[in-house]
Amino acid sequence: MKRQNVLAMVGASKLLAVAAAMAMMIWASGAANASPAPNSDNDNDGLTYKQEKNITHTDPRNSDTDNDSIKDGDEDADGDGVDNTNELKLGTKMGDADTDGDGTLDGDEDNDGDGVDNEDEDDGQKSADICAADVEDDADEDSDNDDLDDEDENDFGDDPDDSDSDDDGIDDGDEDGDDDGDDDGDEEDEDDDCDDDGIDNEDDDDDGDGEDNQN
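Residues numbered from 1 in each chain as written. Predicted model: local features only at pLDDT ≥ 70, side-chain atom pairs only at ≥ 80, totals over all residues. Heavy atoms only, no water.

Undergrad: Quick rundown of the overall build of the chain? Include the residues and the values.
TA: Along the chain, the regular secondary structure elements total five helices and zero strands. Counting over 215 residues, the chain shows a buried share of 33%. Taking as baseline every contact in the chain between residues at least 6 positions apart, the subset at least 24 positions apart corresponds to 33%. Working note: accessible area of the chain is about 12400 Å², and carbon and sulfur atoms make up 48% of it. (Helix = DSSP H or I, 4+ residues; strand = E, 2+ residues; numbered from the N terminus. Buried < 20%, exposed > 50% of the residue type's maximum accessible area, 1.4 Å probe, protein only. Contact = heavy atoms within 4.5 Å. Areas by Shrake-Rupley, 256 points an atom, 1.4 Å probe, with all protein chains shown as cover.)

Undergrad: Quick rundown of the side chain of Asp-80? Include the residues and the values.
TA: Topologically, Asp-80 is positioned in the loop between helix H2 (49-56) and helix H3 (84-90). Polar contacts involving the side chain of Asp-80 include one to the main-chain amide nitrogen of Val-82, which spans 3.0 Å. Once residues lying within four places of it in the same chain are set aside, the contact partners of Asp-80 are Glu-87, Lys-93, Asp-96, Ala-97, Leu-105, Asp-106, Gly-107 and Glu-119. (Polar contact = N/O pair within 3.5 Å; in protein donor to acceptor, adjacent residues only side chain to side chain.)

Undergrad: Now, about the confidence of the model for the chain: what can you tell me, with residues and values included?
TA: On average, residues of the chain carry a pLDDT of 75, and 67% of them reach 70 or more. With pLDDT under 50 throughout, residues 127-135 is counted as low confidence; its partners more than four residues away or in other chains account for 19 contacts. Predicted confidence is poor over residues 206-215, with pLDDT under 50, and the contacts of this stretch with residues over four places away or in other chains come to 16 contacts. (pLDDT = per-residue confidence, 0-100.)

Undergrad: Account for H2, with residues named and values stated.
TA: Burial in H2 covers these residues: Tyr-49, Gln-51, Glu-52 and Thr-56. Where H2 is buried, its residues contact H3. His-57 sits one or two residues past H2 and shows a positive phi near 55°.

Undergrad: Account for a negative patch on the surface, with residues named and values stated.
TA: There is a patch of like negative charges on the surface, built from Asp-178, Asp-179, Asp-180 and Asp-182. In this structure, Asp-178 sits in the loop between helix H4 (150-153) and helix H5 (184-188). Take Asp-178: its relative accessible area is 41%, and that puts it in the partly exposed class. (Patch = residues over 30% accessible without salt bridge, like charges linked within 9 Å, V, L, I, M, F, W, Y side chains within 5 Å. Salt bridge = Lys/Arg side-chain N within 4 Å of Asp/Glu carboxyl O. Lys, Arg positive; Asp, Glu negative; His and termini not counted. Charge placed at Lys NZ, Arg CZ, Asp CG, Glu CD.)

Undergrad: Before we move on, can you summarise unusual backbone geometry with the specific residues and values?
TA: Leave glycine aside and you will find that most residues have negative phi; peptide bonds, for their part, are mostly trans. One non-glycine residue, His-57, lies in positive phi territory at about 55°. Note on placement: His-57 falls in the loop between H2 and H3. Phi at Asn-145 takes a positive value of approximately 55°, unusual for a residue other than glycine. Within the secondary structure, Asn-145 sits in the loop between H3 and H4.

Undergrad: If you had to explain the environment of Phe-156 to someone new, which residues and values would you point to?
TA: By the secondary structure assignment, Phe-156 is in the loop between H4 and H5. Considered as a pair, Phe-156 and Asp-178 are 22 residues apart in the sequence and their alpha carbons are 8.8 Å apart.

Undergrad: Summarise the side chain of Asp-76; cite the residues concerned and give the values.
TA: Within the secondary structure layout, Asp-76 lies in the loop between H2 and H3. Comment: no salt bridge for buried Asp-76; closest opposite-charge side chain is Lys-89, at 14 Å. Here the side chain of Asp-76 touches Gly-79 through a polar contact of 3.2 Å, landing on its backbone nitrogen. A polar atom in the side chain of Asp-76 sits 2.9 Å from the backbone nitrogen of Gly-81.

Dropping the structure here:
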């Protein structure tokens with residue numbers, strides 16, 4: 001075989017090898033950027049790719065899209081007092097604050113008829129921001145630090161972004177809206193007993209020393 005033919009064949013083989021390598025790189029890049037399966041939850045935030053893209057408009061590759069230390073599944077996309085994953089459990093819509101259109105927010109409904117509003121069903125969990133901020137549900141936050149969760153402010157006609165909604169010098173959580181002798185904040189803080197001593201966090205300092213008696 002002539003030398004020229006051999007060199008040509010070697011050159012062609014090298015070109016084929018380079019082309020194959022480039023093709024593999026292009027394929028790998030395309031596979032990495034391909035959309036996940038619609039029902040997959042690659043970021044483990046409790047929401048599927050399809051739900052994040054079409055309903056909550058969060059990043060299906062980032063479990064905490066807005067970097068507020070609350071997983072996207074624990075956010076309250078429609079502001080009805082029920083976080084996204086709890087909406088899925090209840091069968092209510094994450095993008096509709098009043099799923100059945102009856103004029104009552106989904107959080108104020110009682111789907112299972114047990115006398116506890118949907119928004120309060122998770123109050124037995126250690127999820128209040130005073131206990132563990134990194135697992136706090138968006139709906140359970142207390143944005144204005146008045147000892148009344150955002151989800152419960154509407155129950156008393158209060159503003160979740162104003163600690164003293166009626167400007168009387170008393171925090172909303174320290175008001176007694178129904179005149180039953182219990183502060184509004186205490187009535188809604190069933191979950192706030194971080195040290196499991198049977199005393200709400202707010203009352204753990206009731207010995208008069210001015211300090212929280214939590215462990």
